[in-house]
Amino acid sequence: MKYVYFYGAGKAEGDGTMKEVLGGKGAGLAEMTKIGLPVPGGFTITTECCDYYLTHGNKYPASLRAEVKSNLARLERATKKKLGDANDPLLVSVRSGSARSMPGMMETILNLGLNSKSVEGLARNTKNERFAWDAYRRFVQMYSAVVIGLPKEALEEKLRAMKTRLGTKDDTQVPAEAWRELVGEYKEYFKSQTGQDFPEDPEEQLWGAIGAVFGSWNAEKAVTYRRVEKITGLLGTAVNVVQMVFGNIGDNSGTGVCFTRDPSTGEKTFYGDFLINAQGEDVVAGIRTPMHLTEMARLMPKVYKQLEKVRQLLEKHYRDMQDMEFTVEEGTLYMLQTRVGKRTPTATFKMAVDMAKEGLITKEMAIDRIKSEDIERLFYPVIDPSVPKAELAKRKIAEGINAVPGAAAGKAVFSAEEAEKMAAKGEKVILVRRETSPEDVGGMFVAQGIVTATGGKTSHAAVVARGWGKCCIVGCEKLDVDYSTNTATANGRKINEGDWITLDGNEGVVYEGAVKLSTPQLPPSFSTLMGWADGVRRLGIRTNADTPHDARKAREMGAEGIGLCRTEHMFFKDFEQPEKSVDRQLAIQEMIVAETPEARRKALAKLLPYQRRDFIGIFKAMDGFPVTIRLIDPPLHEFVPHDREKQEELARKIGVDVETIVRRVEQLHESNPMLGHRGCRLSITYPEILEMQVQAIVEAAVECKKSGAKVFPEIMHPLVMDKKELQILADATHRVAGEIVKKSGVKLEYMVGTMIEVPRAAILGDEIAEVAQFFSFGTNDLTQMTMGLSRDDAGRFLPDYVDEKKAGIFPDDPFQSLDVKGVGKLMKWCIERGRSVKPKLKLGICGEHGGDGPSVKFCHQVGLDYVSASPFRVPIARLAAAQAVIEERAAKKSGKKAGRKIK
Ligand code: PEP
Ligand code: MG
């Protein structure tokens, strides 16, 4: 097996398609070499080798040593230098890089090959002793920490102490002699801790570094990052051994990170950070605040022009925005990395639409590029425009660089650990740091927003936060963060731990207190792209909405009807006339405690006008789109008070004695209410509830029709498990509706159907279809009952079932993403049987899964007519439905090709 792939001098053994084996960085370097870009030479040790190493007790495959040796020799020939040579040493970096980008999560060792002899050679060759000894101390520092595991803090402390002695804060002010002394101190410390001398032999150094990079795949922070980002199924990290080029030799050198388009706005402008006389990690770590590329264009016009060419070439080549790292060594440009760049959700839409319009990608590719999370994040809050400017000016604490837009408010915390602790208690927190490092990702993830005192738009904090669409401000230089007292001060104001602060990531401003936030306007590219998606999809997209307000919101989001209106939600609150809420609650409670059908009817009569008004509002909001209204579903005990005081109050209000209420509440008690007297079972035993609800629906529809509105009500019975049961309910529904329609003289089209929530109903789909005019899969209950998992209690143990590090039984929470294997199979069975009886049987889904991308794709595959999602998830469903078609087309195309091949 081949474990090592070489690239250099315009040739590469690998290419950009080999991400799985070479990692993103290795594949990118090979591809860039192939297309003729200036890339330093090197070789990549594969992820397969990492897998071998980690699964064989940290042992390398037998053939690896010879392969590395011959590739190193090849690199030495290509660069005309020898690793660690005393006169003109080849130095290498040893870098991680897996198939999926994990910024800063794994290890890198720079300047490898330096020892007490080659450092002198480097000093002579570059005529820069200061640089050479700085390079050496960086190497010793990194090697000691990363390969040997000596505490980073102890090494940093020696550096700080040295700078204090010299009276400087800036690395560039440290003279050669001081770096040389520091190397000596590091080596002494190394010996005192390990009992051995710091390795002089470059090959020994190289093998140490390779092992450390492989090992870093399983470091805590990398494992956490993969868990948070749901990265699974990778073999490990590749190791890239790359010729070092130096951006810190002098003022004609530098290093930078750039994006082919603006990752914040999506504008087609060249965007990036550059630091003169610095090494790559200085930009990423955000230790110094870098300059913009326009400034670089002024200072190094020739190199900038070359970089601009690279920008155009790479974007055309990869057909996507690229995030590139480069170094300028004494006026010569070297490309060190290219990868698809992370971007804000706004930029994601803008770039996809622009690139499709430019002809760089197809509209289908543009649709395919959007992820559910990109849509979710578009709806993140901003500072409410109603907050007066004067108030904001008063609250302003500090200003920084607007790295990731959005706004966030929370309590200030100064460590990732504290952020996690407080977030676990349900607190909203803002993480305030001097700078962030990969160790902080856990805390960054739970924070509402992040602010750092140093760094640019490509610093660690900015890159990680952008990936999550999380509001982030960096380079907030006036902010003096003091970890010893857990405070930050700026412009004479102090932030203590636990104080509320608000971040405006659009403007880059930190405010005192909790400022009012609101949801942003969508960018124009959002509606363009969603329009393209609508043109592609086959599935209808409806919404779950219970109020006219939600229905209107859902229409704005693109819903084409209501797939589920949970009528009982109207019992709790009057959304149009809130002062009437109490009346509604009393009416339903009176109905529940009633002991005779007459008393129940009397109470129901009070509810009727409320329900009718709600339905009229919903029908009007839906303006001719179908509206599925589900009759009462939850167990009745949910509506009555259980404590004595409230029971007495209810008794007073509805004029019955308290003992009657106590007795009824006791009667309603159930051991397993989810499997008890709920759903259509309520209408079987109390038909007067069904009668009132059907009357309200049909009268509302008739009234709308009379006023010229179009209405298509679909009356839906929940929790049905048997054909005869549904027949009784459907007969009653038709009887009540028929009488009203007949009396009104208007022509009303309506349907009567059922939810499929009980496995028995799914199994008997053919029988049920004889009665039902439509099925709507209630996959919340169907999941609960198929898996025997309580929807309300599973949170206590289900996380262990999903956590890869624990049991890892399910890939996802089955209440969030449909269990295709089990519940999906049952749905397919039901669909096939239902449609065998009624080929045109209308089929939908109204469980939460209707707003989950992968579940929507499944619904497309099994031939549902529509999915129904909560209003804010409607665009997610629209997108996923279009992607399902695109995936289907691609599969067909590749299937045909495969077929041809087989012939
Ligand atoms: C369902 O069970 O999937 C459903 C939509 O109904 P509810 O969530 O109201 O039980
Ligand atoms: Mg249900």
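Residues numbered from 1 in each chain as written. Chains lettered and ligands numbered in written order. Predicted model: local features only at pLDDT ≥ 70, side-chain atom pairs only at ≥ 80, totals over all residues. Heavy atoms only, no water.

Right, let's get into the overall build of the protein. A tally of helices and strands in the protein yields 36 helices and 34 strands. Along the first, second and third principal axes, the C-alpha set of the protein runs to 105 × 75 × 50 Å. Counting across all 903 residues of the protein, residues that qualify as buried make up 57%. Only carbon and sulfur atoms are counted for the fraction: they give 51% of the accessible area of the protein, which is about 38,300 Å². Each charge class in the protein can be summarised by its mean position, and for the 129 positive and 123 negative side chains these summaries are 5 Å apart. (Helix = DSSP H or I, 4+ residues; strand = E, 2+ residues; numbered from the N terminus. Buried < 20%, exposed > 50% of the residue type's maximum accessible area, 1.4 Å probe, protein only. Areas by Shrake-Rupley, 256 points an atom, 1.4 Å probe, with all protein chains shown as cover. Lys, Arg positive; Asp, Glu negative; His and termini not counted. Charge placed at Lys NZ, Arg CZ, Asp CG, Glu CD.)

So, about the packing of helix 25 (residues 644-654) against helix 26 (residues 658-668). Working note: a packed helix pair is described by the angle between its axes plus the distance between those axes. Following both chains from N to C, one finds helix 25 and helix 26 inclined at 120°, their axes separated by 8 Å at the closest point. Between helix 25 and helix 26, the crossing angle belongs to the class labelled oblique. When the axes of helix 25 and helix 26 are compared, the crossing they make is right-handed. From helix 25, Arg644, Gln647, Glu648, Leu650 and Ala651 reach across to helix 26, where they touch Val658, Glu659, Ile661, Val662 and Val665. Broken down by class, the residue content of the contact of helix 25 with helix 26 amounts to six nonpolar, one polar and three charged. (Axes fitted to C-alpha atoms, helices over the stretch in contact; angles between N-to-C directions. Parallel < 35°, antiparallel > 145°, perpendicular 65-115°, else oblique. Left-handed = near helix turned anticlockwise from the far one by under 90°. Contact = heavy atoms within 4.5 Å. Nonpolar A, V, L, I, M, F, W, Y, C, P; charged D, E, K, R; others polar.)

Moving on, we come to the packing of aromatic side chains. As enumerated under the stated definition, the model contains 18 aromatic pairs in all. Among the aromatic side chains, those forming a connected cluster through ring pairs are Tyr53, Tyr60, Trp207 and Phe214. Lying over the aromatic face of Tyr866, Arg542 brings its terminal NZ or CZ to 3.9 Å of the ring centre. (Phe/Tyr/Trp six-rings, centres within 6.5 Å; stacked < 30°, edge-to-face > 60°. Lys NZ or Arg CZ within 6 Å of the ring centre and 35° of its normal.)

Below, the discussion takes up the sheet that holds strand 29 (residues 626-630). Strand pairing within a sheet occurs via backbone hydrogen bonds; the two strands may be parallel or antiparallel. The sheet built from eight strands closes into a barrel, its strands ordered 27-28-29-30-31-32-33-34 with parallel pairing. Between one strand axis and the next, the sheet turns through 25° on average, direction left out of account. For strand 29 and strand 30 (residues 712-717), the ladder comprises five bridges, and the chain directions are parallel. Counted as the bridge partner of Val627 is Pro713 from strand 30. Running over the sheet, helix 34 (residues 820-837) touches strand 31 (751-756), strand 32 (774-777) and strand 33 (842-845) and is turned about 175° from strand 32. (Pairing = 2+ DSSP bridges.)

Here the phi dihedral of Asn277 falls at roughly 50°; this positive angle occurs in a residue that is not glycine. Mapping Asn277 onto the fold places it in the loop between strand 10 (271-276) and helix 10 (280-285). Unusually for a residue other than glycine, Asn486 sits at a positive phi of about 50°. Along the chain, the position of Asn486 falls in the loop between strand 21 (480-482) and strand 22 (487-490).

Time to look at the sheet that holds strand 3 (residues 42-45). Strand order in this open sheet of six strands is 2-1-3-8-6-7, and the pairing throughout is antiparallel. This sheet does not close on itself; its edge strands, each paired only once, are strand 2 (11-12) and strand 7 (108-112). As defined by bridge partners, strand 3 adjoins strand 8 (residues 238-243) across four bridges and the pair is classed as antiparallel. Its bridge partner being in strand 8, Ile45 is matched across the sheet by Val239.

We now examine the coordination of the magnesium ion (ligand 2). Six octahedral donors around a metal ideally sit at 90 or 180 degrees from one another, while four tetrahedral donors ideally sit at 109.5 degrees. In this structure, Glu757 (OE) and Asp781 (OD) serve as the protein donors to the magnesium ion (ligand 2), at separations of 2.0 Å. With a gap of 24 residues between them, Glu757 in the loop between strand 31 and helix 30 (759-763) and Asp781 in helix 32 (residues 779-787) connect regions that are remote in the sequence. The pair Glu757 / Asp781 is uniform in exposure class, with both members buried. (Donors = N, O, S within 2.8 Å, 3.2 Å for Na, K, Ca; no water.)

To continue, consider the site of ligand 1. Not every one of the 14 residues close to ligand 1 is listed here, only the nearest: Arg566, Arg630, Gly778, Asn780 and Arg791. Glu757 is positioned with one of its side-chain polar atoms (N or O) 2.9 Å from an oxygen atom of ligand 1. At a separation of 2.7 Å, an oxygen atom of ligand 1 approaches a polar backbone atom of Asn780. Its free accessible area being 290 Å², ligand 1 has 95% of it covered by the protein chains. (Near = heavy atom within 4 Å. Polar contact = N/O pair within 3.5 Å; in protein donor to acceptor, adjacent residues only side chain to side chain.)

Right, let's talk about the packing of helix 13 (residues 345-358) against helix 20 (residues 524-536) for a bit. Closest axis-to-axis distance for the helix 13/helix 20 pair is 8 Å, and the angle between their directions is 60°. Here helix 13 and helix 20 pass one another in a crossing that is left-handed. Between helix 13 and helix 20, the residues in contact are Phe349, Lys350, Ala352, Val353, Ala356 and Lys357 and Ser525, Phe526, Thr528, Leu529 and Trp532, respectively. Looking at the contact of helix 13 with helix 20, its residues break down into seven nonpolar, two polar and two charged.

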